[in-house]
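Residue-level structural notes
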Amino acid sequence: MKPVRLATIWLSGCSGCHMSLLNMHQELLEILAQCNLVYSPLMDSKEYPYGVDIALVEGAVANEDNREMARIIRQRTGTVISLGDCAVNGNVSALRNPVGLAATVGRSYGETGWMPELNRLEARVLPLHQVIRVDAFLPGCPPDSALIRQEIFERLKLT
Ligand code: SF4
């Protein structure tokens, strides 16, 4: 049987969801025995590959790069899973929404300002499912390791 092609992605989040993923410790080895990890911030991956079976996506969509990455993930992935509250509902990453983009940038960068030519910020931070179709949601800040484990084990039919 062909190994499942697994990816994990970090959009606008704090990496805490990936820490929770790593917190599975030795159970990660059981998962990796059934999968090829083909893209992740945990490895030196440059380009999101085609033919990914399962993608765990941490973080909200807060800028142009996030939006483009979300589009590519959806196009190249069978099952997209929102990992954690920032992906599920915006959470901490969306705290700037009520304040407004201009006020947030002004407070954060002062006279220097933001350089939109580097990465244009979205007017509002959005949860992933408002940008692309999402197949499953793992809520929590961060989501509990047991929840992540259950979701992956069920999809890999390891339970
Ligand atoms: S859900 Fe919580 S732990 Fe995960 S990226 Fe957002 S703030 Fe960090």
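Note: the structure precedes this text.
Notes on the structure in this doc start here. (Residues numbered from 1 in each chain as written. Predicted model: local features only at pLDDT ≥ 70, side-chain atom pairs only at ≥ 80, totals over all residues. Heavy atoms only, no water.)

When its secondary structure is counted, the protein shows 6 helices and 7 strands. Ordered by position in the sequence, the α and β elements of the protein form the string β-α-α-β-β-β-α-β-α-α-β-β-α. The globule rule puts the C-alpha radius of gyration for 159 residues at 15 Å, and the 16 Å found for the protein is close to it. Out of the 159 residues belonging to the protein, those deemed buried represent 47%. The contacts of the protein with a sequence gap of at least 6 include a subset with a gap of at least 24, amounting to 81%. Put simply, the protein shows about 8,700 Å² of open surface, and 54% of that area lies on carbon and sulfur atoms. Separation of charge centres in the protein, based on 15 positive and 17 negative side chains, amounts to 5 Å. (Helix = DSSP H or I, 4+ residues; strand = E, 2+ residues; numbered from the N terminus. Rg over C-alpha atoms; globule rule 2.2 N^0.38 Å. Buried < 20%, exposed > 50% of the residue type's maximum accessible area, 1.4 Å probe, protein only. Contact = heavy atoms within 4.5 Å. Areas by Shrake-Rupley, 256 points an atom, 1.4 Å probe, with all protein chains shown as cover. Lys, Arg positive; Asp, Glu negative; His and termini not counted. Charge placed at Lys NZ, Arg CZ, Asp CG, Glu CD.)

Bringing the nonpolar core into the picture now. Counting residues in each nonpolar core, the largest one holds 18 residues, and the members touching the most others are Ile9, Tyr48, Val57, Ile73 and Leu128. Within the residue set of this core, elements represented by two or more residues are strand E1 (4-10), strand E2 (35-39), strand E3 (52-58) and helix H3 (64-76). In terms of residue count, the dominant contributor to this core is H3 (4 residues). Judged by nonpolar contacts, the second largest core, of 17 residues, contains Leu21, Ile54, Ala136 and Leu138. (Core = buried A, V, L, I, M, F, W, Y, C linked by side-chain atoms within 4.5 Å.)

Below, the discussion takes up the site of the ligand. If you check the shell around the ligand, you find Gly13, Cys14, Gly16, Cys17, Glu58, Asp85, Cys86, Asn91, Val92, Gly140, Cys141 and Pro142 and nothing else. Counting residues per element, the ones that place at least two in the shell around the ligand are helix H1 (16-22) and helix H4 (85-89). Its residues placed into classes, the shell around the ligand shows 6 nonpolar, 4 polar and 2 charged. (Near = heavy atom within 4 Å. Nonpolar A, V, L, I, M, F, W, Y, C, P; charged D, E, K, R; others polar.)

With that settled, consider the pairing of strand E5 (residues 77-83). With 6 of 7 residues buried, E5 lies mostly within the body of the structure. Sheet topology note: the E3/E5 ladder contains 6 bridges and is parallel. The partner of Leu56 across the bridge, within E5, is Ile81. The sheet contact formed by E5 and strand E7 (residues 136-138) spans 3 bridges and is parallel. In the strand pairing of E7, Ile81 is matched with Ala136. (Pairing = 2+ DSSP bridges.)

This next bit is on the sheet that holds E7. Reading across the sheet, the 5 strands line up as E2-E1-E3-E5-E7 and stay open at both edges, with parallel pairing between neighbours. At either margin of the open sheet sits one strand with a lone partner, and together these are E2 and E7. Ignoring strand direction, the axes of neighbouring strands in this sheet form an average angle of 25°. Against the sheet, helix H2 (residues 26-34) engages E1 and E2, with an angle of about 90° to E2. Strands in contact with helix H6 (residues 145-156) are E1, E2, E3, E5 and E7; relative to E7, the strand with the most contacts, it is inclined by about 150°. (Axes fitted to C-alpha atoms, helices over the stretch in contact; angles between N-to-C directions.)

Examined bridge by bridge, E1 and E2 share 4 bridges and lie parallel to one another. Note on E2: the bridge partner recorded for Arg5 is Asn36. As paired elements, E1 and E3 share 5 bridges and run parallel to each other. Bridge pairing links Ala7 to Ala55 in E3.

Further remarks concern the pattern of salt bridges. Evaluated as defined, the whole model comprises 8 salt bridges. The salt bridge involving Glu122 is made with Arg67; its shortest N-O contact spans 2.9 Å. Within this pair, whereas Glu122 is found in strand E6 (residues 121-126), its partner Arg67 is found in helix H3, the two being separated by 55 residues in sequence. Residue classification places Glu122 among the buried residues on the basis of a relative accessible area of 11%. Taking relative accessible area as the criterion, Arg67 reaches 34% and is therefore assigned partly exposed. Among the ionic pairs, Arg74 bridges to Asp135, the shortest N-O distance being 3.1 Å. Taken together, the residues span a long stretch of sequence, with Arg74 in helix H3 and Asp135 in the loop between E6 and E7 at a distance of 61 residues. Look at the salt bridges and you will find they share partners, linking Arg74, Arg133 and Asp135 into a network. (Salt bridge = Lys/Arg side-chain N within 4 Å of Asp/Glu carboxyl O.)

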